[in-house]
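Inside the fold
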Amino acid sequence: MSPTHDVIVIGLGGMGSAAAHHLSARGARVLGLEKFGPVHDRGSSHGGSRITRQSYFEDPAYVPLLLRAYELYEDLERATGRDIALLCGGVMVGRPDSWTVSGSLRSARAWDLPHEMLDAREIRRRFPTLAPADDEVALYEARAGLLRPENTVAAHLQLATRQGADLHFEEPVTRWEPYRDGVRVHTADHTYTAGQLVICPGAWAPRLLTDLAVPFTVERQVMYWFRPRNGVHPFLPDRQPIYVWEDATGVQVYGFPAIDGPGGGAKVAFFRKGRPTTPETIDRTVHDDEVTAMADHMSTRIPDLPGTFLKAATCMYTTTADEHFVIARHPAHPGSVTVACGFSGHGFKFVPVVGEILADLALTGTTAHPIGLFDPTRLTAAPTGGAHA
Ligand SMILES: Cc1cc2nc3c(=O)[nH]c(=O)nc-3n(C[C@H](O)[C@H](O)[C@H](O)COP(=O)(O)OP(=O)(O)OC[C@H]3O[C@@H](n4cnc5c(N)ncnc54)[C@H](O)[C@@H]3O)c2cc1C
């Protein structure tokens, strides 16, 4: 049986839709297989907004990838006419020695990124909705802002389809295995073969990537929308920045301006403070005590924000032990399988550059992008071969 396609992409969420676009743009015959419909809300790429920023407190090694992602996001908007990025500016707030502030400053200095340091008084003057404590400071970045995840995924799917990719929705992969020089992928009713497989499973990584032997923790995360106490006006994006705000105990909260017009609210969420779950058992109900805890947490920082609670939604992080990504050739199948997973709650801003890297790896076996930090073997003992549930 000759291969039906050059490359099969499993999962058409954030990363997989970008891979399908970049692969098909280079002329590969792509088959995309997605468990749910296009642009769904059961994985990790929904909820209206995602933060993007360049002074990356997590590690300066991410900065060159971010610079490329910014370019590719611009290309994506231009190619599809969709509204994706809103660079309203952003503040990373905390004590000077907090991870959020000191790490952001480290990246800004290492890469000579434009930024300003603001003391508490200057934060209050520039952004009157914010009420930092006297010992808190902020790194302000004018090029930080937000991305619209649903529009991003829709744009990548649109381009991939236009470039001839064959995208199948509501067709979950049940298993895959090495086959001759390539791979074989099974769904309930079909078996497909290809020379290359790209796996972008999001929170389903523990199921689709058993022989990667990387431990992942899937976490339930909650996003909250509030209508501010004195109306939405001071929270519109021409005056309200995105923020990541770390308290003295290391808890980080982040939020957005009000992007849904006068009738909408502003979104806020805790960063990296979820409960372990699985995609099958996640509790999608957001409980009153959770809403109260968020309103209390914000009441001293952005006192006008928790006016009226509007809605909440759940989402999943897929977290590695060091919170860095996994992007690599599969160590057990280095000639035919490429993986992108474990985005640990901070992957969305990288979506288009991850698509570019996955296309490089699947089509040439290597990439010029710096991805050494994302090698899965840092997290695991020797990989094993075999079949995959
Ligand atoms: C609440 C929340 C807030 C976040 N905020 C930010 C932020 O501000 N900035 C930022 O950069 N990042 C943020 N992130 C992280 C970012 O959104 C994720 O890293 C990113 O969306 C992950 O994309 P993905 O493609 O790995 O997963 P997904 O988009 O979930 O895609 C995985 C896909 O694989 C499919 N799939 C799984 N199993 C199968 C199968 N067997 N067969 C076929 N298809 C399958 C799924 O249905 C899904 O569509 C946030 C995440 C959450 C949850």
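Within an unreviewed UniProt entry, the label attached to the chain reads Monomeric sarcosine oxidase, and the organism entered is Streptomyces plicatus. Here the chain is described in UniProt, under the heading Sequence similarities (unreviewed entry), as follows: "Belongs to the MSOX/MTOX family. MSOX subfamily." Per UniProt, the chain carries the Subunit (unreviewed entry) text "Monomer."

For the rest of this paragraph, the subject is the site of the ligand. Glu34, His40, Ser45, Ile51 and Cys315 are the nearest of the 33 residues found near the ligand. The contact in question runs from an oxygen atom of the ligand to an N or O atom on the side chain of Glu34, over 2.6 Å. Between the ligand and Val173, the relevant distance is 2.9 Å, taken from a nitrogen atom to a main-chain nitrogen or oxygen of the residue. A total of 1,000 Å² of accessible area belongs to the ligand in isolation, and the protein chains cover 97% of it. At the level of elements, α1 (14-25), β3 (50-52) and β18 (308-319) are the ones that each hand at least two residues to the shell around the ligand. It is β18 that contributes the most residues to the shell around the ligand, three residues altogether.

What follows concerns the side chain of Ser24. The residue Ser24 is located in helix α1 in this model. According to the relative accessible area criterion, Ser24 is buried, its value standing at 5%. Separated by 2.7 Å, the side chain of Ser24 and the backbone oxygen of Ala20 make a polar contact. Within the structure, Ser24 has its side chain in polar contact with the backbone oxygen of His21 (distance 3.1 Å).

Along its 18 residues, helix α2 (residues 63-80) runs 26 Å from first to last C-alpha, staying within 8% of the 26 Å computed at 1.5 Å per residue. Summarising the contacts, the buried residues of α2 are in contact with α1, β3, α3 (99-110), β8 (145-147), α5 (149-162) and α8 (351-364). One or two positions beyond α2, positive phi appears at Gly81, with a value near 70 degrees.

Counted at 1.5 Å a residue, the expected span for α5 with its 14 residues is 20 Å, and the 20 Å between its end C-alpha atoms agrees. On its buried face, α5 is in contact with α1, β3, α2, β8, β9 (166-168) and α8. Of the residues trailing α5, Gly164 is marked for its positive phi of about 95 degrees.

Following the UniProt record, one finds the feature "modified residue: S-8alpha-FAD cysteine" (unreviewed entry) at Cys315. In this structure, Cys315 sits in strand β18. On the basis of relative accessibility, which here comes to 7%, the residue Cys315 falls in the buried class. Other than its neighbours up to four places away in sequence, Cys315 contacts Gly43, Ser44, His46, Arg50, Glu219, Arg220, Gln221, Met223, Ile282 and Arg284.

For the coordinates displayed, the defined rule picks out 15 aromatic pairs. With a centroid separation of 5.7 Å and an interplanar angle of 35 degrees, the aromatic rings of Phe127 and Tyr140 are classed as tilted. Within this pair, whereas Phe127 is found in the loop between α4 (120-126) and β7 (137-141), its partner Tyr140 is found in strand β7, the two being separated by 13 residues in sequence. Here the two residues Phe127 and Tyr140 agree in accessibility, since each one is buried. Positioned above the aromatic ring of Phe271, the side-chain terminus of Arg272 is 4.0 Å from the ring centre. Its end group placed over the ring of Phe270, Lys273 keeps NZ or CZ at 4.3 Å from the ring centre.

The rules we used
- Residues numbered from 1 in each chain as written.
- Predicted model: local features only at pLDDT ≥ 70, side-chain atom pairs only at ≥ 80, totals over all residues.
- Heavy atoms only, no water.
- UniProt positions renumbered as here; feature names shortened; annotations may be inferred.
- Near = heavy atom within 4 Å.
- Polar contact = N/O pair within 3.5 Å; in protein donor to acceptor, adjacent residues only side chain to side chain.
- Areas by Shrake-Rupley, 256 points an atom, 1.4 Å probe, with all protein chains shown as cover.
- Helix = DSSP H or I, 4+ residues; strand = E, 2+ residues; numbered from the N terminus.
- Buried < 20%, exposed > 50% of the residue type's maximum accessible area, 1.4 Å probe, protein only.
- Expected span 1.5 Å × (residues − 1).
- Contact = heavy atoms within 4.5 Å.
- Phe/Tyr/Trp six-rings, centres within 6.5 Å; stacked < 30°, edge-to-face > 60°.
- Lys NZ or Arg CZ within 6 Å of the ring centre and 35° of its normal.

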